[in-house]
Amino acid sequence: MKTYAMIPTYNERENIGNLIQEILNLNIPDLHIVVVDDNSPDGTSEVVRNLSGKHPEVELLLRTMERGRGSAGIAGFKYALDRGADAVIEMDADFSHHPKYIPRLLEALQDADLVIGSRFIRGGKDVKRGIARRVITLLAGIYVRVILGLKIRDVSSGYRCFKRKVLEAIELDSVISTGPSIVSEVFYRAHLKGFSIREIPIEFEDRQHGQTKLNYKILIKTLLMVLQFKRLNKKGLLFKSS
Ligand SMILES: Nc1nc2c(ncn2[C@@H]2O[C@H](COP(=O)(O)OP(=O)(O)OP(=O)(O)O)[C@@H](O)[C@H]2O)c(=O)[nH]1
Ligand SMILES: [Mg+2]
């Protein structure tokens, strides 16, 4: 099964090399890695380029004209689909999404279309993060679940594994999120298309190195975007083909 680990990065120089190495150490057959970097000023792409010279399964998608977690994710999904991926694992570069869970995500994909690494089911944890940040995550999660009617416990988890057919069906070209709201938008689209979704527990830890890109402005924008998905869906405009 051709699988891509798709990792969007912005200023992750100190994390990305170790992360790639740990993924390679898993020795999963036909596992490729694509790092989608928005020309990070810290030189993240250099680290990736060096590693891809040594390991052909490490690939760099360098974007110089666009910036954003959302559009980077879409570009990465399309890249993997174009190269014939049967499954795609999406994960952050900062070790909050530890690669040790990759085998479990792939195993669970045998009986679900979409598998989520989840903090909020039995066995999962949100550790080593400040209390304020954890409370915000929990409250924002309740808001998203109620508005969008999702059954998922961890609606802001960007650590997940998709069968190819899910990414084909959710209409990547009509995704409206350019920023972090993409995480919930993708869940909403998969839910509306009726795919089976399963959560497996992960222990989510704070980023190893570097700085957060999240601030209150981005948080508010993300919450407003959720209302926008809901509104578009009500009008029958979320999917172009609907
Ligand atoms: N390509 C690209 N990647 C991004 C962008 N913003 C964030 N990312 C990456 O998306 C992933 C998640 O971003 P984070 O900054 O870790 O967001 P977070 O987990 O909510 O917050 P912290 O872990 O506290 O920083 C990381 O791998 C980032 O490097 C962007 O504009 N472009
Ligand atoms: Mg993070």
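Here, the structure is the one placed above.
Here goes a summary of the coordinates provided. Counting starts from 1 at the beginning of each chain's written sequence and moves along it residue by residue. Just so you know, chain letters begin at A and ligand numbers begin at 1, following the order they were written in. The predicted nature of this model means local features are confined to residues of pLDDT at least 70 and side-chain atom pairs, given and counted, to a pLDDT of 80 or more, with totals for whole chains, interfaces and linings taken over all residues.

A separate point is the overall build of the protein. A helix here means a DSSP run of H or I that spans at least four residues, while a strand means a run of E at least two residues long, and both kinds are numbered starting from the N terminus. Secondary structure summary: the protein contains eight helices and nine strands in total. Note that the radius of gyration is over C-alpha atoms, with the globule rule given as 2.2 Å times the number of residues to the power 0.38. Its C-alpha radius of gyration of 17 Å places the protein within 12% of the 18 Å reference for a compact globule of 242 residues. C-alpha extents for the protein along the principal axes are approximately 50 × 40 × 40 Å. Expressed as a percentage of its 242 residues, the buried residues of the protein come to 40%. Between the buried cut of 20 or more and the exposed cut of 12 or fewer other C-beta atoms within 10 Å of a residue's own C-beta lies the partly exposed class, and all C-beta atoms are placed from the backbone.

This part is about the packing of helix H5 (residues 131-148) against helix H8 (residues 216-234). Angles here are taken between N-to-C directions and fall from 0 to 180 degrees, while the axes themselves are lines fitted to C-alpha atoms, restricted in helices to the stretch in contact. Close contact between H5 and H8 brings their axes to 10 Å; oriented N to C, the two are set at 10°. Between H5 and H8, the crossing angle belongs to the class labelled roughly parallel. Only Leu219, Leu223, Val226, Leu227, Phe229 and Lys230 of H8 make contact with H5, whose side of the interface consists of Ile136, Ala140, Tyr143, Val144, Ile147 and Leu148. Residue polarity is assigned by list, with Asp, Glu, Lys and Arg as charged and Ala, Val, Leu, Ile, Met, Phe, Trp, Tyr, Cys and Pro as nonpolar; anything else, Gly included, falls into the polar class. Residue classes in the contact of H5 with H8 are distributed as 11 nonpolar, no polar and one charged. Roughly parallel means an angle under 35 degrees; roughly antiparallel, over 145; roughly perpendicular, 65 to 115; everything else is oblique. Any two residues are considered in contact once their C-beta atoms, placed from the backbone, lie within 7 Å.

Bringing the site of ligand 1 into the picture now. Residues are counted as near a molecule or strand when the C-beta atom, derived from backbone positions, lies within 6 Å of that molecule or strand. Taken together, 19 residues are adjacent to ligand 1, and Pro8, Tyr10, Ala72, Ala93 and Thr212 come closest. Mapped onto the shell around ligand 1, the elements with two or more residues apiece are strand S1 (3-9), strand S2 (31-37) and helix H3 (69-82). Grouping the constituent residues of the shell around ligand 1 by class yields six nonpolar, four polar and nine charged.

A word on the nonpolar core. By size, the foremost hydrophobic cluster in this structure holds 59 residues, and its most contacted members are Met6 and Val88. The biggest single contributor to this core is helix H7 (residues 182-192), with six residues. Setting aside residues no more than four positions away along its own chain, Met6 makes contact with Val34, Val36, Gly76, Phe77, Ala80, Val88, Ile89 and Glu90. Only buried residues count toward a nonpolar core: Ala, Val, Leu, Ile, Met, Phe, Trp, Tyr and Cys, linked into one set through C-beta atoms within 7 Å.

A few words on the packing of helix H1 (residues 13-25) against helix H2 (residues 44-54). At a minimum axis distance of 8 Å, the contact between H1 and H2 shows a crossing angle of 20°. Our classification of the angle between H1 and H2 gives roughly parallel. Between H1 and H2 the crossing geometry is right-handed. Residues Arg13, Ile16, Gly17 and Ile20 of H1 pack against Thr44, Val47, Val48 and Leu51 of H2. Taken together, the residues of the contact of H1 with H2 sort by class into five nonpolar, two polar and one charged. The hand of a helix crossing depends on one turn: near helix anticlockwise from the far one by less than a right angle means left-handed, and clockwise means right-handed.

In terms of burial, H7 is a largely internal element, nine of the 11 residues being buried. Taken together, the buried positions of H7 are occupied by Ile182, Val183, Ser184, Glu185, Val186, Phe187, Tyr188, Arg189 and Ala190. On its buried face, H7 is in contact with H3, strand S5 (114-118), H5, helix H6 (164-169), strand S8 (197-201) and H8. In the segment just after H7, Gly194 is the residue with positive phi, at about 80°.

Looking now at the sheet that holds strand S4 (residues 87-90). One open sheet holds the seven strands; their spatial order is S3-S2-S1-S4-S7-S5-S8, and the pairing between them is mixed. The sheet terminates laterally at strand S3 (58-62) and S8, the two strands that pair on one side only. The sheet shows a mean angle of 20° between the axes of neighbouring strands, direction not considered. At least two DSSP bridges between two strands are needed for those strands to be called paired. Examined bridge by bridge, S1 and S2 share seven bridges and lie parallel to one another. When the sheet's bridge partners are listed, Thr9 is paired in S2 with Asp37. Set on the sheet, H1 makes contact with S1, S2 and S3; between it and S2 the angle comes to about 165°. On top of the sheet, H2 reaches S1, S2 and S3; it is set at about 145° to S3, its chief contact.

Note that every value here comes from positions in space, so none of it alone points to a role or purpose.
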